[in-house]
Protein chains: 6
Amino acid sequence: MSDRGLTHLDPLGRARMVDVTPKEVTHRRAIARARVYMQTETSSLVARGAISKGDVLAVARVAGIQAAKRAPDLIPLCHPLLVGSVFINFRIEDRFIEVEAQVETVDRTGVEMEALTAASVAALTIYDMCKSSDRSMVIGDVTLWEKTGGRSGLYRRDPLEPLGADALPGDFDGSLVATLDPDLDADLDADLAGDEPEELEA
Amino acid sequence: MSDRGLTHLDPLGRARMVDVTPKEVTHRRAIARARVYMQTETSSLVARGAISKGDVLAVARVAGIQAAKRAPDLIPLCHPLLVGSVFINFRIEDRFIEVEAQVETVDRTGVEMEALTAASVAALTIYDMCKSSDRSMVIGDVTLWEKTGGRSGLYRRDPLEPLGADALPGDFDGSLVATLDPDLDADLDADLAGDEPEELEA
Amino acid sequence: MSDRGLTHLDPLGRARMVDVTPKEVTHRRAIARARVYMQTETSSLVARGAISKGDVLAVARVAGIQAAKRAPDLIPLCHPLLVGSVFINFRIEDRFIEVEAQVETVDRTGVEMEALTAASVAALTIYDMCKSSDRSMVIGDVTLWEKTGGRSGLYRRDPLEPLGADALPGDFDGSLVATLDPDLDADLDADLAGDEPEELEA
Amino acid sequence: MSDRGLTHLDPLGRARMVDVTPKEVTHRRAIARARVYMQTETSSLVARGAISKGDVLAVARVAGIQAAKRAPDLIPLCHPLLVGSVFINFRIEDRFIEVEAQVETVDRTGVEMEALTAASVAALTIYDMCKSSDRSMVIGDVTLWEKTGGRSGLYRRDPLEPLGADALPGDFDGSLVATLDPDLDADLDADLAGDEPEELEA
Amino acid sequence: MSDRGLTHLDPLGRARMVDVTPKEVTHRRAIARARVYMQTETSSLVARGAISKGDVLAVARVAGIQAAKRAPDLIPLCHPLLVGSVFINFRIEDRFIEVEAQVETVDRTGVEMEALTAASVAALTIYDMCKSSDRSMVIGDVTLWEKTGGRSGLYRRDPLEPLGADALPGDFDGSLVATLDPDLDADLDADLAGDEPEELEA
Amino acid sequence: MSDRGLTHLDPLGRARMVDVTPKEVTHRRAIARARVYMQTETSSLVARGAISKGDVLAVARVAGIQAAKRAPDLIPLCHPLLVGSVFINFRIEDRFIEVEAQVETVDRTGVEMEALTAASVAALTIYDMCKSSDRSMVIGDVTLWEKTGGRSGLYRRDPLEPLGADALPGDFDGSLVATLDPDLDADLDADLAGDEPEELEA
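Residues numbered from 1 in each chain as written. Chains lettered and ligands numbered in written order. Predicted model: local features only at pLDDT ≥ 70, side-chain atom pairs only at ≥ 80, totals over all residues. Heavy atoms only, no water.

**Student:** Which residues make up the relation of the copies chain C and chain F, and what values do they have?
**Tutor:** Note on the identical chains: chain C maps onto chain F by a rotation of 180° and an axial translation of 0.0 Å, with an RMSD of 0.0 Å. Seen this way, the second copy is the image of the first under a two-fold rotation axis. Within chain C, the C-alpha atom positioned nearest to the axis of rotation is that of C:Ala58, 3.2 Å from it. Most of the interface of chain C is mirrored in chain F: 100% of its interface residues are interface residues there too. (Least-squares fit on C-alpha atoms with pLDDT ≥ 70 in both. Contact = heavy atoms within 4.5 Å.)

Dropping the structure here:
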């Protein structure tokens, strides 16, 4: 051994990609959203297809789908998996454009990061397409709204819960029903209390 | 030609990567920020280095630097350029962790998207590292704070300007001085009024 | 909601990566071909190993194999899958070099795009290796010749069917037998008539 | 040295990325085209926006622009360069859809492969979007139509020159004027006769 | 056929990604190591966290984890697979830093190349972080130490076996027990003698 | 500010991509080598072209060239640059195959990591091609042999200097002359003594 006294035996890794090989292969889905806040004139230009750089939503949609496939390449401890489906939706309001990304797979680990990455990159693309018209834009409210599969079953975010620093919840898409199944409520509480291996999934 | 009446001559591209070849090669810099809002217990765990998945800030920093180099691969109309430097800084507060990404280059086009992408991916990585402990997290306030180079000279965001949907400005890093040069003010107004080719940069 | 009348609720995605999670995991294979038309002197140089840029077929083969693995990264709505095998073959004739790419997998979706992308990139690489000697080159006849797996069973292209704008079928490799199984004929007709989910695979 | 008699001193590389460091940095441009031959019903569906998988041309356009940036990653001996602009155009006819890709840069080497790769990948994407409706498709006529910059000056393909195996030239876009500058004619002949280092550019 | 006599029918590929589709899906693991030999002062700087470029081991760890996911993109005939876990460990000695990479998966093929690539890239990153302080560095002793799964069962390298050109075995981590199971010994000999398809895995 | 006392203002980044924008654009070159130690039978198989997986050196060469272009994607703090040329050479000896990678560019920063990455990946590819025949292989002696450009001028490794843990220098390629220019000796010593910004290049 070393006679210098400086031998450093690094413990089993500070950062590590946790082992999902013992987990069950099941169907998993996640829905994430993001908003690009902008001036009223800008969202109007997007809605009218009058942004000179191109078709904003079409380009952002493709960028979001591609980003869902690249999440493991961007997020270091994210496990690679085979994305089975990706849907990207937009909603244009006066003061913002909202992106919703839904990702599904049949695998050992969830697609939460794939959905969040898809929503984030779609938002960044909208920003890139519009920035010559609007320098005030802010991307925000990037969060997970729904997640199924694995041990926890169904998880849905409460739309009445404030986002970020007391931001207004805004006006959400009616297609997302927010009633929680009472049986799942109990499971959710139990899951969130401890350190579930299922939550360790990348 | 077609006898069907369906010949469709597509105009010079709805989406296009605009030509930067006539632009001048100059030094350019951009600073962008993002916040990951979380529970107080979570930011405390990060500050203490007690997140089991690993060293949160170290991993997020590397992910952010790598993302700055990949922006043209993620954002379809973003021009490739040679990133000359990348700095990623963090600030841990009770309710959020703030990421600041600074990117520099000597090239024909600005590094605004590189800085925003770096900040976004660093934020997504913090989220990924902490999500087993905190399912309430929201990424927000992703925006450009400063930009230099090209025709517009210096641009700085006014810290008193609300972000997103009336979010509180929060507590910003004192190293960013917000006084604007009166001469630049005039240039900025002139630039933002019209449709400057310089703003078309990806 | 918006008081501006410009709220735009985007339908369930114009472009989407369709859901393959309900599909069955089976063995799937596809064979695609492409041709690089060139001057007689050029194909002669390739056959003699006299192209100064390097060993044309060796480099093109590696490029084709790598491209089969990258198809989901290039084709936006292409599903990621795990390629199980890739074979790249060449045939040098007077006026062209023909590439044949065979790809196999055990997965929920077919490898048609993987095979076509492999053949296309191998052809582009042959072009790149030879272009200093021959500026007349054209890549053509890029098409699927065989596909197995999934609901449709076996599909084979009829070699007597013209390719493109009445191009001559050329002289095909005897190892590809073109007789169709009469039972499969019936299935094929049934499959191609309707809108089979199996055909939606990327 | 070896006493086995099997020492193999490999010469200066069979395949190599030739040195462009001595070359001049100039403006360079290339235009390439590709065609996707299909059934009349299919091109009609594309023109009407009735392909269920999505907006065919919008997705293909983004894929083509991204592919222009990735050419050095796909084509082994292709030099990396900074793409300055990319335009992708489409022309829908009864029996085919034609893609035209124009790429520009200011660099030491030309963008011929970038334009060809963009056209090829856009064509592959059109194929992917339409394949559930049409299994007869063939990608062909992938070739360089114009190239400027470097020593050779301007190069334009003669539209009367047959493509591939006697394919009909088709009906070309009137925006491409085919008159050649007589002075350039002389240069072109001189260039094409010998082995110009300029032509070795990737 | 050709009248030139130069028709070249390429046999079933000189280089090919061999078919793993018939293989069994099982749990597989591999452990690889690498060393970065350096001056005593340099390893001391690393241990003290005094390398100005940054936190050497933290950055190298992330680079190694990312590289494990990219092995199929770097090694042409390497099969894509879904990495299930990655651990990177370091050991700092006077004259070298040792990297150990462990990779696991549940798939048809082994993760030997994933582990070796992870160890190599982590070593290259350590080199990159330290090179301004030490130009004498050498990366060596990159090899596979353990492999499980597939037909061969367990394989472990004999620590008394010399590495490379008679390098000293060094001082290995006590957590790796080197006793071999006598039953496995017999299997190993049988496996290594012939040409097992299991060994053809990428 | 925070009332918790846990506010953590992270200093200007533990890991950072140092700024090269003030540096001069000059011609730069680097030569790196690596060895794959193997059994005599294995190197004999490679020399005879009898490795069933394919043409070992051809595949390894392409992998090395591609890796030179990807160094900034693998090594986190490595600056992106435009590689101008890549040469990969091999030397087969009884007990090892040696790879030599030479990379050139005209840019603000050196290509040391590009050359080392190319040599390492070429070595990993040789390993991958041969591993079914030889499980004893070790990659070693990965180091920089020559570097030019920037402030330091020429740097050459002394071939008599031991590599790694007292490995024998081996038998080096006669095309690399090892005599150092006496004037450069003095410059080298001066450079290596202090902390030259030039050495901070990625």
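**Student:** Tell me about helix α2 (residues 56-74) of chain A, residues and numbers included.
**Tutor:** Residues and elements named next belong to chain A. The end-to-end C-alpha separation of α2 is 23 Å, well short of the 27 Å expected for 19 residues at 1.5 Å each. At Ala68, α2 is deflected by roughly 50°, the largest bend along its length, and proline Pro72 occurs up to four residues later in sequence. Of all 19 residues making up α2, 18 are buried, and the element is well covered by its neighbours. (Helix = DSSP H or I, 4+ residues; strand = E, 2+ residues; numbered from the N terminus. Expected span 1.5 Å × (residues − 1). Bend = angle between axes of the 7 residues up to and from the residue. Buried < 20%, exposed > 50% of the residue type's maximum accessible area, 1.4 Å probe, protein only.)

**Student:** Before we move on, can you summarise unusual backbone geometry with the specific residues and values?
**Tutor:** All names here are of chain B. One non-glycine residue with positive phi stands out, namely Asp141, at about 55°. Note that Asp141 resides in strand β5 (residues 138-148). Classification of Asp141 as buried rests on a relative accessible area of 8%.

**Student:** Hey, could you go over the packing of helix α2 (residues 56-74) of chain D against helix α3 (residues 112-130) of chain D for me, with residue numbers and the actual values?
**Tutor:** Residues and elements named next belong to chain D. α3 packs onto α2 with a crossing angle of 140° between their chain directions and a minimal axis gap of 7 Å. In this view, α2 runs oblique relative to α3, as classed from their interaxial angle. Considering how the two elements wind past one another, α2 and α3 form a crossing that is right-handed. Contacts from Val56, Leu57, Val59, Ala60, Ala63, Gly64, Ala67, Ala68, Ala71, Pro72 and Leu74 in α2 reach Met113, Glu114, Thr117, Ala118, Val121, Ala122, Thr125, Ile126, Met129 and Cys130 in α3. Among the residues making up the contact of α2 with α3, the classes are represented as 17 nonpolar, 3 polar and 1 charged. (Axes fitted to C-alpha atoms, helices over the stretch in contact; angles between N-to-C directions. Parallel < 35°, antiparallel > 145°, perpendicular 65-115°, else oblique. Left-handed = near helix turned anticlockwise from the far one by under 90°. Nonpolar A, V, L, I, M, F, W, Y, C, P; charged D, E, K, R; others polar.)

**Student:** I'd love a proper account of the interface of chain C and chain D, names of residues and values included.
**Tutor:** The partner chain D presents 57 residues to the 56 residues of chain C that form the contact. Taken together, the two surfaces of chain C and chain D that pack against each other cover about 5,000 Å², and 58% of this comes from carbon and sulfur. Of all residues in chain C, the largest losses of buried area upon contact with chain D belong to C:Lys53, C:Leu124 and C:Arg135, amounting jointly to 15% of the total for that side. Between chain C and chain D we count 2 salt bridges in total. For C:Glu112, the salt bridge is made with D:Arg135, and the minimal N-O distance between the two is 3.2 Å. Here chain C is connected to chain D by 19 residue pairs in polar contact (both at pLDDT 80 or more). Among the elements that make up the side of chain C that touches chain D, the one with the highest residue count is helix α3 (residues 112-130) of chain C (11 residues). Residue composition of the side of chain C that touches chain D, by class: 29 nonpolar, 11 polar and 16 charged. In this sheet, strand β5 (residues 138-148) of chain D lies alongside strand β5 (residues 138-148) of chain C in antiparallel orientation, the contact comprising 2 bridges. Among the inter-strand pairings, C:Val142 is bridged to a residue of β5(D), identified as D:Ile139. (Buried area = accessible area lost by both parts, 1.4 Å probe. Salt bridge = Lys/Arg side-chain N within 4 Å of Asp/Glu carboxyl O. Polar contact = N/O pair within 3.5 Å; in protein donor to acceptor, adjacent residues only side chain to side chain. Pairing = 2+ DSSP bridges.)

These values are about where atoms sit, not about what they do.
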